[in-house]
Amino acid sequence: MDDNSASKRKRKRGRKPKAAPASPDRSSPSPPPAADPVPAVAGRRGRKSRRHDAPTDADAPRPASPPCRGEPKPVANGCDAVAEVGPASWEEAVRVVPCMDAVVKVFCVHTEPNFSLPWQRKRQYSSSSSGFIIGGRRVLTNAHSVEHYTQVKLKKRGSDTKYLATVLAIGTECDIALLTVSDDEFWEGVSPVEFGTLPALQDAVTVVGYPIGGDTISVTSGVVSRIEILSYVHGSTELLGLQIDAAINSGNSGGPAFNDRGKCVGIAFQSLKHEDAENIGYVIPTPVIKHFIQDYEKSGEYTGFPILGIEWQKMENPDLRKAMGMKPDQKGVRVRRVEPTAPESGCLQPSDIILSFDGVDIANDGTVPFRHGERIGFSYLVSQKYTGEKALVKVLRDSKVHEFKIRLATHKRLVAAHVKGRPPSYYIVAGFVFAAVSVPYLRSEYGKDYEYDAPVKLLVKHLHSMAESPDEQLVVVSQVLVADINIGYEEIVNTQVLAFNGQPVKNLKNLVTMVENCKDEFLKFDLEYDQIVVLETKTAKAATQDILTTHCIPSAMSDDLKT
């Protein structure tokens, strides 16, 4: 269930450095077709094209031999054929593959929160990625392509104009974002991309986008290598995904992957970079994309992918099955723990055996039938549901079968995987900076290898602890801003606060309320590792304003804690 090793080796793709050799601000039109190949994937299933510089058949001029004038030429991608008379012009080549015109370049300016200094933001930076137009005057791209955005602009193929875009929804877990453009000119002459069905193994795919290494559209081709539940690096979750052998480079993120009939079968979003691996890219498949779009259309916002709030164990050992009272014809998985904040906590118990989910039997290894000759983890069935929907779960408990109607909800982690655009919360008293721990916070403090470098106590809470209440947070002393009042405490860094004046600390808001309303003579903080911090209440509160002035901090607490 927890496969951290693989996810660490996967990197998000899609951000192009601002100082890249190919300037994204070039306004000149695209070069002639010979430098902008059009995919010709029909008849090449299982074969990866390696001719990047030579024009494809769709771009090459017609030979001098007499052509069949007026006779439509069949098109491999399923688009309407175009009658050709004489040599193919640039406009005719574009009309042969109209779905290419729906692929846009996404320009984004990001301003990330500064978790180490939460009262300010980091220096802004720019990136470029890919996207594509779908029905309803909307554009799809990756969530990490527009994360912490301050401005998003789109440019169509062959255009010299960048159009301001509005972000409608960001699906953090599935790494998909939905955009729109208010300018009617942007939508003129462009047909939206149509979605195809989930491809089979060895089906040909063509990835289209604007990766690093050039300014014009790029096409790479390959085949579907694997279909399974993947770890989504940006979303810190596991959903259905496609593995392909087509090259996915920085800037390809958000671009569509087409099948040999010109239908979109996924969105490029990450690749695997490892010394023992070559040409391994990952695509978000159409079931996940459609779930995101339909979720937005039903709710008016993105509500997320639900989960079954449990940890489970395989039941492959025959002695274990016998000890749990399972019959020879019964299969399932054992519940190890139930999330206290999950709706399942009201009916499921540790050591329950989950036999089926919504009428689909679960095998002893936790898989369910997927397609002919294929099996997939049963979490796929859960992810196909929507937040708030109910599912029928059949459970074996004390050798008796029970059925429960369970309302599904999203995951509430003790250490949040994302801040979802909100500025980080903080509170300062006597130079002590208190903050709530999240994955972005750990990444900011310890880098991308935070799972190796962060304090062990915090990592244990992050990986194994469960929230006891929906508003529970892991509160730490982030740092100590040195002043006379806190002499001797300067070396306290990222240490959890367990209690204040004998009262447990549930979250940062709770700590702020207790400190601000404290009438005792001393402020006493109980920290991890059996440390304590004691300050005189009156002196500590009086010294806070001078410390804020010294460090140019506008307020002793973030705005969300003032209400």
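Residues numbered from 1 in each chain as written. Predicted model: local features only at pLDDT ≥ 70, side-chain atom pairs only at ≥ 80, totals over all residues. Heavy atoms only, no water.

Bringing the nonpolar core into the picture now. Ranked by internal contacts, the top residues of the largest apolar core, which has 90 residues, are L140, L154 and I354. The contact partners of L154, leaving out residues within four places of it in the chain, are V104, K105, V106, V139, T161, K162, Y163, A165, L179, V181 and F186. Counting 27 residues, the second-largest nonpolar core is a separate cluster that includes V429, Y489, L508 and A540. (Core = buried A, V, L, I, M, F, W, Y, C linked by side-chain atoms within 4.5 Å. Buried < 20%, exposed > 50% of the residue type's maximum accessible area, 1.4 Å probe, protein only. Contact = heavy atoms within 4.5 Å.)

To continue, consider the packing of aromatic side chains. Pairs of aromatic rings are described using the distance from one ring centre to the other and the angle between the two planes. Taken as a whole, this structure holds 13 aromatic pairs when the rule is applied. Seen in terms of ring centroids, W119 and Y426 are 5.7 Å apart; in terms of plane orientation they differ by 70°. Their pairing is edge-to-face. Remark: Y426 occurs in strand β22 (residues 426-429) and W119 occurs in the loop between β2 (103-110) and β3 (125-134); sequence separation between them is 307 residues. Taken individually, W119 and Y426 each receive the classification buried, so the pair is uniform in this respect. Ring centres 5.2 Å apart and planes at 70° place the aromatic pair Y163 and F186 in the edge-to-face group. In this pair, Y163 is assigned in strand β6 (residues 162-171) and F186 in the loop between β7 (176-181) and β8 (204-209), connecting sequence segments 23 residues apart. One exposure class covers both Y163 and F186, and it is buried. These aromatic residues form a ring-pair network of at least three members: Y427, F432, F434, Y489, F500 and F525. Positioned above the aromatic ring of Y386, the side-chain terminus of K298 is 4.0 Å from the ring centre. (Phe/Tyr/Trp six-rings, centres within 6.5 Å; stacked < 30°, edge-to-face > 60°. Helix = DSSP H or I, 4+ residues; strand = E, 2+ residues; numbered from the N terminus. Lys NZ or Arg CZ within 6 Å of the ring centre and 35° of its normal.)

This part is about unusual backbone geometry. Notably, Q202 is not glycine yet its phi reads approximately 75°, a positive angle. As for its position among the elements, Q202 is in the loop between β7 and β8. Judged by relative accessible area, Q202 falls into the exposed class, the value being 58%. Backbone geometry places S351, a non-glycine residue, at a positive phi of 75°. As for its placement among the helices and strands, S351 is situated in the loop between β15 (333-338) and β16 (353-357). On the accessibility criterion, S351 (31% relative accessible area) is partly exposed.

The next point concerns the pairing of β8. For β8, a buried count of 6 out of 6 residues is recorded, marking the element as mostly surrounded by other parts of the structure. Here β8 shows two buried faces, one formed by A204, T206 and V208 and the other by V205, V207 and G209. Across 6 bridges, β8 lies against strand β9 (residues 218-232) in antiparallel orientation. Across the sheet, residue V205 finds its bridge partner in β9, namely G222. Note that β8 and strand β11 (residues 256-258) share 2 bridges and pair antiparallel. In the strand pairing of β11, V207 is matched with A257. (Pairing = 2+ DSSP bridges.)

For the rest of this paragraph, the subject is the side chain of H144. Locating H144 in the fold gives a position in the loop between β4 (138-141) and β5 (149-156). Assessed through its relative accessible area of 1%, H144 is described here as buried. Here D175 takes part through its side chain, which lies 2.8 Å from a polar atom of the side chain of H144. (Polar contact = N/O pair within 3.5 Å; in protein donor to acceptor, adjacent residues only side chain to side chain.)

A word on the sheet that holds β3. In spatial order, the strands read β2-β3-β4-β7-β6-β5; together these 6 strands close into a barrel with antiparallel pairing. Averaged over all pairs of adjacent strands, the angle between strand axes in this sheet comes to 40°, irrespective of strand direction. Inspection of the sheet shows β4 paired to β7 by 3 bridges, in the antiparallel sense. The partner of L140 across the bridge, within β7, is L178. (Axes fitted to C-alpha atoms, helices over the stretch in contact; angles between N-to-C directions.)

Oppositely charged side chains can pair when the atoms bearing their charge come close. By the definition in use, this model includes 16 salt bridges. The partner of K105 in a salt bridge is D215, and the shortest N-O contact between them spans 2.9 Å. Of the two residues, K105 is situated in strand β2 and D215 in the loop between β8 and β9; the sequence distance between them amounts to 110 residues. Across the pair, D215 and K105 agree in class, each one buried. The partner of E374 in a salt bridge is R371, and the shortest N-O contact between them spans 3.2 Å. Here the residues in one salt-bridge network are E311, R336 and R337, joined through shared partners. (Salt bridge = Lys/Arg side-chain N within 4 Å of Asp/Glu carboxyl O.)

Within the sequence span of helix α9 (residues 508-516), burial applies to L508, L511, V512, M514 and V515. Down the axis of α9, the sector holding all buried residues measures 165°, keeping them to one side. Sitting at the amino-terminal end of α9 is N507, which places a side-chain oxygen 3.2 Å from the backbone nitrogen of K509. (Arc of directions from axis to C-beta.)

So, on to helix α8 (residues 456-464). By the burial criterion, the buried members of α8 are L458, L459 and H462. Projected onto a plane normal to the axis of α8, the buried residues spread over an arc of 100° and lie on a single side. Buried residues along α8 sit against α6 (439-446), α7 (450-453) and β24 (475-480).

Right, let's get into the confidence of the model for the protein. A residue-level look at the protein finds 82% of positions with pLDDT of 70 or above and a mean pLDDT of 84. Between residues 1-98, whose pLDDT stays under 50, and residues either more than four places distant or in other chains, the model counts 163 contacts. (pLDDT = per-residue confidence, 0-100.)

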